[in-house]
Amino acid sequence: APTRAAEPVAVSVPAATGSATPGGYSKASPFATLLIGNRLLSLPGSQKEVRQFAFDTRGGELAYEAGDALGVWPANGSALVAEWLALTGLDPDEDVVLPDGGGIPLAEALRTRFDIARITPDLLRFVVARTGDRDLQRLLRPDNKDELAKWSWGRQAADVIGGFPVRASAAEWTGVLQRLRPRLYSISSSPLAHPGEVRLTVSVVRYANDLGRDRKGVCSSYLADCADDGPVQVFVQRSPHFRPPAGPATPMIMVGPGTGVAPFLGFLEDRRARGHTGPNWLFFGEQREATDFYHREDLEGFLASGHLDRLDVAFSRDQRNKVYVQDRMREHGPRLWRWLRDGAHFYVCGDAGRMARDVDLALHEIIAAHGGMDRESAAAYVRQMAGDRRYVRDVY
């Protein structure tokens with residue numbers, strides 16, 4: 001999974017990983033917990049599988065705050081491990097030496113220690129060196145990065161060794177495979193509302209690639225299918241700058257399409273628990289209202305109780321012309337500018353590639369149009385918001 005970054009500027013900067021949280025748990029020394037909730041949020045007919053997961057914090061022993069991320073150490077699925085062993089012809093019971101000097105059976109190492117899904121340049125070079133395949137060699141040239149990315153899309157490492165069979169020892173394979181890494185997910189709860197648990201909102205990745213093989217996201221499918229088999233190793237990634245406003249009366253605007261809505265449930269729970277009275281406004285978007293309105297009951301509950309003042313939604317596939325959260329922002333530009341002028345904090349969570357850029361552009365345009373500013377003045381205003389930590393993003 002990509003690195004998450006909570007940052008107050010318009011470019012992503014990777015957050016530091018592995019720092020210990022109160023209680024001493026960290027990436028290197030994780031908290032062993034149990035999955036106590038696994039609820040499907042998307043409804044039948046959806047193109048996506050989105051779930052809410054909940055983990056036991058043992059009464060807050062795993063400490064976190066609204067806005068933090070949870071790191072999850074995944075394990076590879078048994079089917080993928082079996083496929084790897086079949087493709088390589090290796091003995092699952094053969095002991096392999098790990099980078100830390102310990103030794104465990106190969107099957108267990110492939111399940112819990114090594115990334116056997118991701119296609120890496122090291123893996124491709126390893127295959128080329130042993131097969132001499134010219135097409136693969138050509139893809140590895142520095143001037144073919146785009147072609148390599150296109151070729152790799154949807155494929156996993158097993159597709160490579162299935163297409164380019166290599167005979168190598170277990171030690172050679174484990175020497176070229178990268179270590180399995182944790183994935184970071186926005187926490188979608190507040191410990192003030194749920195003192196004994198921490199919640200996530202996750203899109204589970206499953207697809208058939210163009211080779212006709214079923215593939216899964218390593219960590220999301222681990223959570224959905226396997227995490228209730230035993231302890232899950234987790235840690236809190238602190239996001240000290242991605243927090244609800246400290247001022248009880250400060251207005252808050254949140255833009256969280258798809259699973260980007262996750263942290264804002266925690267924000268709303270946190271403000272309600274603290275008795276904050278500042279107005280709150282959420283922009284949420286997805287494909288279809290009937291199947292993809294995640295956490296609808298919770299959000300409508302916040303509306304009914306007055307803890308959410310405005311909820312503007314954009315369901316892109318429910319009409320001929322696609323509508324996105326940035327379009328809803330522009331529709332309500334005058335009001336959005338008034339909130340900003342009144343000191344509102346502006347938060348964005350979700351896709352860094354496109355959505356965050358589109359929302360940033362809309363924000364600049366709204367400030368220019370309704371604040372009576374030219375382009376440069378609007379850009380300076382946004383920079384000032386970022387400098388004051390009134391404009392913060394959790395993008396990935």
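The paragraphs below set out a description of the structure included in this document. Counting starts from 1 at the beginning of each chain's written sequence and moves along it residue by residue. pLDDT decides what is reported in this predicted model: residues at 70 or higher carry local features, side-chain atom pairs at 80 or more are listed and counted, and totals for whole chains, interfaces and linings draw on all residues regardless. Note that water and hydrogens are dropped before the side-chain values are worked out from all heavy atoms of the structure.

**Thoughts on the overall build of the chain**
And then number 1: Strands here are runs of E lasting at least two residues and helices are runs of H or I lasting at least four, both read from the DSSP assignment and numbered beginning at the N terminus. Scanning the chain from N- to C-terminus turns up 15 helices and 17 strands.
And then number 2: In terms of overall dimensions, the chain is globule-like: its C-alpha atoms have a radius of gyration of 23 Å, near the 21 Å expected for 396 residues.
And then number 3: Referenced to the eigenvectors of the C-alpha coordinate spread, the extents of the chain come out at roughly 65 × 50 × 40 Å.
And then number 4: Across the 396 residues of the chain, 51% fall into the buried class.
And then number 5: Nonlocal contacts in the chain, meaning residues at least 24 apart in sequence, comprise 73% of its contacts between residues at least 6 apart.
And then number 6: Calculation of accessible area relied on Shrake-Rupley with a 1.4 Å probe; when residues are assessed, cover is drawn exclusively from the protein chains displayed. Entry remark: accessible area of the chain is about 18,100 Å², with carbon and sulfur atoms responsible for 50%.
And then number 7: We treat Lys and Arg as the positive residues and Asp and Glu as the negative residues; His and chain ends play no part in the count. By convention, the charge on Lys lies at NZ, on Arg at CZ, on Asp at CG and on Glu at CD. Counting 49 positive and 50 negative side-chain charges, the chain places the centres of these two groups 4 Å from one another. Using C-alpha atoms as the atom set, the radius of gyration is obtained and then compared with a globule rule of 2.2 Å times the number of residues to the power 0.38. For every residue, the accessible area (1.4 Å probe, protein chains only) is compared with the maximum for its type, and the residue is labelled buried under 20%, exposed over 50%, or partly exposed between those bounds. Should any heavy atoms of two residues lie within 4.5 Å, those residues are considered in contact.

**Details of the pairing of strand β8 (residues 183-186)**
And then number 1: Alternating positions in β8 separate into two faces, Arg183 and Tyr185 on one and Leu184 and Ser186 on the other, with burial throughout.
And then number 2: When DSSP finds two or more bridges between a pair of strands, those strands are recorded as paired. Across 4 bridges, the pairing between strand β5 (residues 69-73) and β8 is antiparallel. Bridge pairing links Leu70 to Tyr185 in β8.

**Quick notes on the packing of helix α9 (residues 262-274) against helix α11 (residues 296-305)**
And then number 1: Helix axes are fitted only over the stretch in contact, all axes being lines through C-alpha atoms; the angle between N-to-C directions runs from 0 to 180 degrees. As a packed pair, α9 and α11 sit with axes 11 Å apart at the nearest point and diverge in direction by 35°. The interaxial crossing formed by α9 with α11 has left-handed handedness. Along the contact surface, α9 presents Leu265, Leu268, Glu269 and Arg272, while α11 presents Asp298, Leu299 and Phe302.
And then number 2: Throughout this entry, Asp, Glu, Lys and Arg are counted as charged residues, while Ala, Val, Leu, Ile, Met, Phe, Trp, Tyr, Cys and Pro are counted as nonpolar. The remaining residues, Gly among them, count as polar. Its residues assigned to classes, the contact of α9 with α11 shows 4 nonpolar, no polar and 3 charged. Take the far helix as the reference: if the near one is turned anticlockwise from it by less than a right angle, the crossing is left-handed, and if turned clockwise, right-handed.

**A few points about the packing of aromatic side chains**
And then number 1: Between rings of Phe, Tyr and Trp, where Trp is taken as its six-membered ring, a pair exists when centres lie within 6.5 Å; planes separated by under 30 degrees are stacked, by over 60 edge-to-face, and by other angles tilted. Tallied over the full model, the rule gives 17 aromatic pairs.
And then number 2: Consider the rings of Phe284 and Tyr294, whose centres lie 6.0 Å apart with planes at 75°: the pair is edge-to-face. Here Phe284, found in strand β14 (residues 280-286), pairs with Tyr294, found in the loop between α10 (289-292) and α11; they are 10 residues apart in sequence, far enough to count as distant.
And then number 3: Look at Tyr294 and you get buried, because its relative accessible area is 0%.
And then number 4: A connected cluster of aromatic rings, assembled from ring pairs, spans Phe242, Phe264, Phe267 and Tyr347.

**Describing the sheet that holds strand β4 (residues 49-56)**
And then number 1: Across the sheet, 3 strands lie side by side as β3-β4-β9; this open sheet has antiparallel pairing. A strand with exactly one partner marks an edge of an open sheet, and here the two such strands are β3 (35-40) and β9 (197-204). Geometrically, the sheet is characterised by an average inter-axis angle of 20° between neighbouring strands, direction not taken into account.
And then number 2: Of the strand pairs in this sheet, β4 and β9 are connected by 8 bridges, and their pairing is antiparallel. Across the sheet, residue Phe55 finds its bridge partner in β9, namely Val198.
And then number 3: Sheet strands in contact with helix α8 (residues 218-226) are β3, β4 and β9, and its direction is about 115° off that of β9.

**Quick word on the environment of Ala356**
And then number 1: Inspection of the secondary structure assignment puts Ala356 in helix α14 (residues 355-370).
And then number 2: Along the chain, Ala356 and Val395 lie 39 residues apart, while their C-alpha atoms are 7.3 Å from each other.
And then number 3: If near-sequence neighbours (up to four positions away) are discounted, Ala356 is found in contact with Asp351, Arg393 and Val395.

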